[in-house]
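Here's the letter readout for the chains.
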Amino acid sequence: MSTSATTISKTAFLKYDQCSKAFFFYKKHPYLRDPVSKEKQFTFNRGHQVGLLAQQLFPGGVDVSVQTKNSKAAFELTQQLLKENVTTIYEATFIFNGVLIMVDILHFDGESWKAYEVKSSLKVSDAYIKDACLQYYVLKNSIQNFNDLFLVTLNSNYVFGNEIDLKQLFKKRSVKENAEKNIEFFNSTITKMNLVLEQNVIPDIPIGKHCFSPYECDYLGTCWKNTKDPASVFRIGKSDREQLFSLYFSGAETVDKVDLNSDLKPHIKIQVESIRTGRPYFEKNAIKEFLQKIKGNYCFLDMEIWSPAIPKYNGTSPFEQIPFLFSVCYLKGQTPVFKNYLKPIATDSRHEFLSAILDATKDFDSVLVFDKNLEQQILGKLENLVPEKRAEVNELRRKLIDLAEPVQNFNFYHPKFSGNFSLKAVSEIFNEESDYSKLDIASGIVAMHKYEGMLSEENSLINEQTKQNLIDYCNADTLTCMKFFEYLEENIKE
Ligand code: SF4
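Conventions we followed
Residues numbered from 1 in each chain as written. Predicted model: local features only at pLDDT ≥ 70, side-chain atom pairs only at ≥ 80, totals over all residues. Heavy atoms only, no water. Helix = DSSP H or I, 4+ residues; strand = E, 2+ residues; numbered from the N terminus. Buried < 20%, exposed > 50% of the residue type's maximum accessible area, 1.4 Å probe, protein only. Contact = heavy atoms within 4.5 Å. Lys, Arg positive; Asp, Glu negative; His and termini not counted. Charge placed at Lys NZ, Arg CZ, Asp CG, Glu CD. Near = heavy atom within 4 Å. Nonpolar A, V, L, I, M, F, W, Y, C, P; charged D, E, K, R; others polar. Core = buried A, V, L, I, M, F, W, Y, C linked by side-chain atoms within 4.5 Å. Domains from an automatic or database assignment. Buried area = accessible area lost by both parts, 1.4 Å probe. Pairing = 2+ DSSP bridges. Axes fitted to C-alpha atoms, helices over the stretch in contact; angles between N-to-C directions. Right-handed = clockwise from strand over helix to strand, strands pointing away. Salt bridge = Lys/Arg side-chain N within 4 Å of Asp/Glu carboxyl O. Parallel < 35°, antiparallel > 145°, perpendicular 65-115°, else oblique. Left-handed = near helix turned anticlockwise from the far one by under 90°.

1. Quick look at the overall build of the protein
Scanning the protein from terminus to terminus reveals 20 helices and 14 strands. Dimensions of the protein along its principal axes, counting C-alpha atoms only, are 80 × 60 × 40 Å. Expressed as a percentage of the 494 residues in the protein, the buried residues total 49%. Partitioning the contacts of the protein with sequence separation of at least 6, the portion at a separation of at least 24 is 67%. The average position of the 59 basic charges and that of the 64 acidic charges among the side chains of the protein differ by 2 Å.

2. Let's talk about the site of the ligand
Every residue lining the ligand is accounted for by Cys19, Lys21, Ala22, Ile205, Pro206, His210, Cys211, Cys217, Tyr219, Leu220, Cys223 and Trp224. Elements with a minimum of two residues in the shell around the ligand: helix 2 (20-28) and helix 10 (220-223). The residue inventory of the shell around the ligand, partitioned by class, reads 10 nonpolar, one polar and one charged.

3. Thoughts on the nonpolar core
Residues Phe94 and Phe412 are the most contacted members of the largest nonpolar core, which totals 141 residues. Per-element accounting of this core gives the leading share, 12 residues, to helix 20 (residues 460-493). Counting 17 residues, the second-largest nonpolar core is a separate cluster that includes Val50, Tyr90, Tyr158 and Ala309.

4. Concerning the domain arrangement of the protein
For the protein, the domain assignment lists domain 1 (8-199), domain 2 (234-278) and domain 3 (286-493). The centre of domain 2, based on its C-alpha atoms, is set 33 Å off from the matching centre of domain 3. Listed as interface residues are 10 residues of domain 2 and, on the opposing side, eight residues of domain 3. Counting each side, the surface lost to burial between domain 2 and domain 3 is near 800 Å², with a carbon and sulfur contribution of 68%.

5. What about the sheet that holds strand 13 (residues 400-402)?
Overall, mixed pairing links the five strands, which are arranged 11-10-9-12-13 in an open sheet. Each edge of the sheet is formed by a strand with only one pairing partner; in this case those strands are strand 11 (335-342) and strand 13. Taken pair by pair, the neighbouring strands of this sheet meet at an average axis angle of 30°, ignoring direction. Sheet topology note: the strand 12 (residues 366-369)/strand 13 ladder contains three bridges and is parallel. From the neighbouring strand, Val367 faces strand 13, where its bridge partner is Leu400. Across the sheet, helix 15 (residues 373-385) is in contact with strand 9 (298-306), strand 10 (322-332), strand 12 and strand 13; its angle to strand 9 comes to roughly 70°.

6. Points about the pairing of strand 4 (residues 99-108)
In terms of residue burial, strand 4 counts as a mostly covered element, since eight of its 10 residues are buried. Note that strand 1 (residues 8-9) and strand 4 share two bridges and pair parallel. Bridging from a neighbouring strand, Ser9 pairs with Leu100 of strand 4. Pairing of strand 3 (residues 88-96) with strand 4, which is carried by eight bridges, proceeds in the antiparallel orientation.

7. Side note on the pairing of strand 6 (residues 146-154)
Within strand 6, eight of the nine residues are buried, which leaves it mostly tucked inside the rest of the structure. Both strand 5 (residues 113-118) and strand 6 contribute to a ladder of six bridges, which runs parallel. Within strand 6, the position partnered with Ala115 by the bridge is Leu149. Viewed along the sheet, the connection from strand 5 through helix 6 (residues 126-140) into strand 6 turns out right-handed. Alignment of strand 6 against strand 7 (residues 170-174), held across five bridges, turns out to be antiparallel. Counterpart to Val152 in the pairing with strand 7 is Lys172.

8. Things to note about the environment of Glu184
Residue placement: Glu184 occurs in helix 9 (residues 183-199). Separated by 47 residues in sequence, Glu184 and Tyr137 place their C-alpha atoms 9.7 Å apart.

9. Re the pattern of salt bridges
Per the stated rule, a full pass over the model turns up 23 salt bridges. Among the salt bridges present, the one from Glu253 reaches Lys257, with a minimum N-O distance of 3.4 Å. What makes Glu253 partly exposed here is its relative accessible area of 33%. In this structure Lys257 comes out as partly exposed when scored by relative accessible area, which is 49%. Note that Arg390 and Glu383 form a salt bridge whose closest N and O atoms lie 2.8 Å from each other. Residue class for Arg390 comes out partly exposed when judged on its relative accessible area of 35%. Judged by relative accessible area, Glu383 falls into the buried class, the value being 9%.

10. Some remarks on the packing of helix 19 (residues 444-453) against helix 20
Interhelical geometry of helix 19 versus helix 20 gives an angle of 155° and a closest axis separation of 10 Å. In terms of their interaxial angle, helix 19 and helix 20 are classed as roughly antiparallel. In terms of crossing hand, the pair formed by helix 19 and helix 20 is left-handed. Touching Gly444, Ala447, Lys450 and Tyr451 of helix 19 are Thr466, Leu470 and Tyr473, all from helix 20. The residue inventory of the contact of helix 19 with helix 20, partitioned by class, reads four nonpolar, two polar and one charged.

This is the structure in structure tokens:
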């Protein structure tokens, strides 16, 4: 829903709270905003779904957002509904002191008005509290007999039975005490925000840690464009951001200006030298020792997981990790061969998933994964679910070898990593263009949401295509593992 240029929305307020320049861009130069990534869009969509479900805590309300096209109409409709004594309003819209808010649920319980702000999260962050306190500030000044605002989050202790129990799924926390203490803060901040707009000059704020906290800013593409150089010090990974900013602001914007004789940790020096020379770094003896752990015949394994905010299967909780797809890849002669299992989303076939993965890996002596934490965790959960398979699960666990080890230990570094140590970064070594860029699904988060999308997709052809895209993505992961293993072997021979 569009908002007026003169009002300050909750989003604008939170941007100002993070950085006055981000607020100014948001209000005056919205075209500078970075494109919304698929991952962010999926997070928004999930929040929307959880919000819709939470409305059923107070069923039968009127949803202002579906009947109006802009904030002015939403404000007017809310006023009208209040006059008509409607007791539950979704997306109720208010404006006070130039600040516009849309509260997820507003409910009159017979004694007073209470508001509910829904977050699709298990925890209450400081940013959520600030956001809720701003709404409280506007509501307190807009409605007679307003009593409290509650942050509604998902309850990590909730365990799904045969049907959703909304009262147990959600938990709430009052922000009244916090909000009452901060009324003056909002008054003075809103005055300062209006001054920024009146002055009409881009605030002179340099880049800093605030660009990522509490949220990754939407204007990194504008403010960080000078750091796009592949030799930028911000390409140094696993480092304290404070140290990088201090290097950057002391004139060492690129790695060639970094003094290698200064007090730098060894893994920083490795990266600086590798980025400077453009050559990968190998600690050959350590890599040799690592590769010697791989015994007998081996395969590569990758799993995809789904973490539904609203649990779907008996015995699971919000955001519980459900494995839904694996790829096992091995060489037959010179040809990579894949084995997959994709769990149907409509049913809880985690038992079948476990049987399939045990079967697919049983003939191998070593099972190579990239970053085995996830696999270990998932196998632990499956073992609890199917205790009779404990011995086989332990056997698979024993065979797991983590290809991320040489990367994490800095026995190997490649300048193409650019400070990122994921499997996707590793794939950059092999091609000018990443293998993933050709795929419809190119990240675990997108895979998770595409899988979830099959729940509501009625077109079976689209679902078949999604299944194939998911399998292609998972196979790309195991294939990258295989290429990486071969690359390490090749390079320690010389
Ligand atoms: S990128 Fe950083 S400096 Fe630029 S607007 Fe965002 S938070 Fe402010």
